[in-house]
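Understanding the architecture of this molecule
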Amino acid sequence: SQKIEQNSEALNIQEGKTATLTCNYTNYSPAYLQWYRQDPGRGPVFLLLIRENEKEKRKERLKVTFDTTLKQSLFHITASQPADSATYLCALDPPGNQFYFGTGTSLTVIP
Amino acid sequence: DAGVTQSPTHLIKTRGQQVTLRCSPKSGHDTVSWYQQALGQGPQFIFQYYEEEERQRGNFPDRFSGHQFPNYSSELNVNALLLGDSALYLCASSLGQGAGNTIYFGEGSWLTVV
C-alpha cells in the first residue's frame, strides 16, 4: 500500500518568509495529488490539486510542485502570515477517491 | 449553500457499545466517504458510498458499517466499540467517484470510548 511521508518535525518560520513543506510517497504515482489545510479540531479544507502531467500549480501565495520521478511534492507558502499557522496534509488521489493522506506537517508562523 | 454537515459533534461511549454517526453531503454531491483520524495522524479511509452502495473499503474490520440514503446522506455505524476507536470521524463528499474531484470535509464527530 501507499506510504506517504511529510516533514516529520513541526515547522516554525518567521512572518514574511517562505514555508516549504515536503510530501514523499512510495509505490505508484497517483494521477493527482492534493493539499489540504487543517486547523485544530476542524475538518481539512482543500487548497490545491495538481495533476501528474503538471510540474507546478499556483494559487495566490501558494505553490505546489509534483515530481513523479522523485515521487515528491513540495508545497510553498510565500510571504507567510501568522494566519497560515495550521497543519497541512498531503493526499494522494488515485482513481475512486480513496485518498491516502500523510500525517501532516504542523506549521507555525511567528510574528 | 450548506457544506458537509455531521452530527453529533462530540460523544462519549463505553467499550462494547455501538455508535451511529450521521452526515449530510454538500448540496449537489452524490458520493460520501468516511475517514477516521486519530490524534496526530492523517485521515484514514474507511469506506465510500455511491448510489446507496459501498463502492470501496479501506482496511477496517466489519465492525464498521455504513449506509447511504436516497437523498445521499450517510451513516457510519461502529459496533462493539474498542478504546482504539476513539478518534475524529470525518465525512467527505464529492460529485462522482473519479480521481481529480475535490472532496469537501465536514467538521467531524469526536468519538471518545471509555
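Above this text is the structure in question.
How each quantity is defined
Residues numbered from 1 in each chain as written. Chains lettered and ligands numbered in written order. Predicted model: local features only at pLDDT ≥ 70, side-chain atom pairs only at ≥ 80, totals over all residues. Heavy atoms only, no water. Phe/Tyr/Trp six-rings, centres within 6.5 Å; stacked < 30°, edge-to-face > 60°. Helix = DSSP H or I, 4+ residues; strand = E, 2+ residues; numbered from the N terminus. Buried < 20%, exposed > 50% of the residue type's maximum accessible area, 1.4 Å probe, protein only. Pairing = 2+ DSSP bridges. Core = buried A, V, L, I, M, F, W, Y, C linked by side-chain atoms within 4.5 Å. Contact = heavy atoms within 4.5 Å. Polar contact = N/O pair within 3.5 Å; in protein donor to acceptor, adjacent residues only side chain to side chain. Salt bridge = Lys/Arg side-chain N within 4 Å of Asp/Glu carboxyl O. Axes fitted to C-alpha atoms, helices over the stretch in contact; angles between N-to-C directions.

This paragraph deals with the packing of aromatic side chains. Summed over all chains, the structure comprises 14 aromatic pairs over all chains. Pairing phenylalanine 75 of chain A with tyrosine 88 of chain A gives two aromatic rings, centres 5.5 Å apart and planes at 35°, and the pair type is tilted. Of this pair, phenylalanine 75 of chain A sits in strand β8 (residues 72-77) while tyrosine 88 of chain A sits in strand β9 (residues 86-93), and the two are 13 residues apart along the sequence. Neither phenylalanine 75 of chain A nor tyrosine 88 of chain A differs from the other in exposure class; each is buried. One aromatic cluster in this structure is built from Tyr36, Phe46, Phe99 and Phe101 of chain A together with Tyr35, Phe45 and Phe105 of chain B.

Our next topic: the pairing of β9 of chain A. Taken residue by residue, a regular strand's side chains alternate between the two faces of the sheet. All names here are of chain A. Of all eight residues making up β9, seven are buried, and the element is well covered by its neighbours. Here seven bridges tie strand β4 (residues 32-38) to β9, and the two strands are oriented antiparallel to one another. The partner of glutamine 38 across the bridge, within β9, is threonine 87. Where β9 lies against strand β11 (residues 105-110), three bridges are found, and the strand directions are antiparallel. Opposite tyrosine 88, over in β11, you have threonine 105 as the bridge partner. Pairing analysis gives two bridges linking β9 to strand β10 (residues 100-101), with the strands arranged antiparallel. Residue pairing across strands places leucine 92 opposite tyrosine 100, the latter belonging to β10.

What follows is about the nonpolar core. The nonpolar side chains of a soluble globular protein tend to be buried with one another. Residues and elements named next belong to chain A. Ranked by size, the top nonpolar core spans 22 residues in total, and within it Leu33, Trp35, Phe75, Ile77, Tyr88, Cys90 and Leu107 carry the most contacts. Counting residues per element, the ones that place at least two in this core are β3 (19-25), β4, β5 (45-51), β7 (62-67), β8, β9 and β11. Filtering out sequence-adjacent residues up to four positions away, cysteine 90 remains in contact with Ile4, Gln6, Cys23, Leu33, Gln34, Trp35, Tyr100, Phe101 and Gly102.

Looking now at the environment of glutamate 54 of chain B. Residues and elements named next belong to chain B. With respect to the helices, strands and loops of the structure, glutamate 54 is situated in strand β6 (residues 53-57). Along the primary structure glutamate 54 and isoleucine 103 are separated by 49 residues, whereas in three dimensions their C-alpha atoms are 17 Å apart. Not counting residues up to four positions away in its chain, the partners in contact with glutamate 54 are Phe47, Gln48 and Tyr49. A polar side-chain atom of glutamate 54 sits 3.1 Å from a polar atom in the side chain of arginine 57.

Residues and elements named next belong to chain B. Under the criterion given, the structure shown has ten salt bridges over all chains. For glutamate 54, the salt bridge is made with arginine 57, and the minimal N-O distance between the two is 3.1 Å. Judged by relative accessible area, which is 27%, arginine 57 ranks as partly exposed. Measuring nitrogen to oxygen at the nearest pair gives 2.9 Å for the salt bridge that ties aspartate 85 to arginine 63. Taken together, the residues span a long stretch of sequence, with aspartate 85 in the loop between β8 (74-78) and β9 (87-94) and arginine 63 in the loop between β6 and β7 (64-68) at a distance of 22 residues.

Glancing now at the sheet that holds β3 of chain A. As a general point, the strands of a sheet are linked pairwise by backbone hydrogen bonds and lie either parallel or antiparallel. Residue and element names in this part refer to chain A. Pairing is antiparallel across the open sheet formed by five strands, whose spatial order is β1-β3-β8-β7-β6. Of all strands in the sheet, those with a lone pairing partner are β1 (4-6) and β6 (56-59), marking the two edges. Between one strand and the next, the sheet's axes are offset by a mean angle of 15°, whatever the strand orientation. In this structure, β3 lies alongside β8, joined through six bridges in antiparallel fashion. Bridge assignment links alanine 19 to a residue of β8, and that residue is isoleucine 77.

The amide bond that connects serine 7 of chain B to the next residue, proline 8 of chain B, takes the cis arrangement and shows omega of -10°. By the secondary structure assignment, proline 8 of chain B is in the loop between β1 (5-7) and β2 (10-13). At alanine 79 of chain A, a position not held by glycine, the phi torsion is positive, near 45°. Assignment of secondary structure puts alanine 79 of chain A in the loop between β8 and β9.

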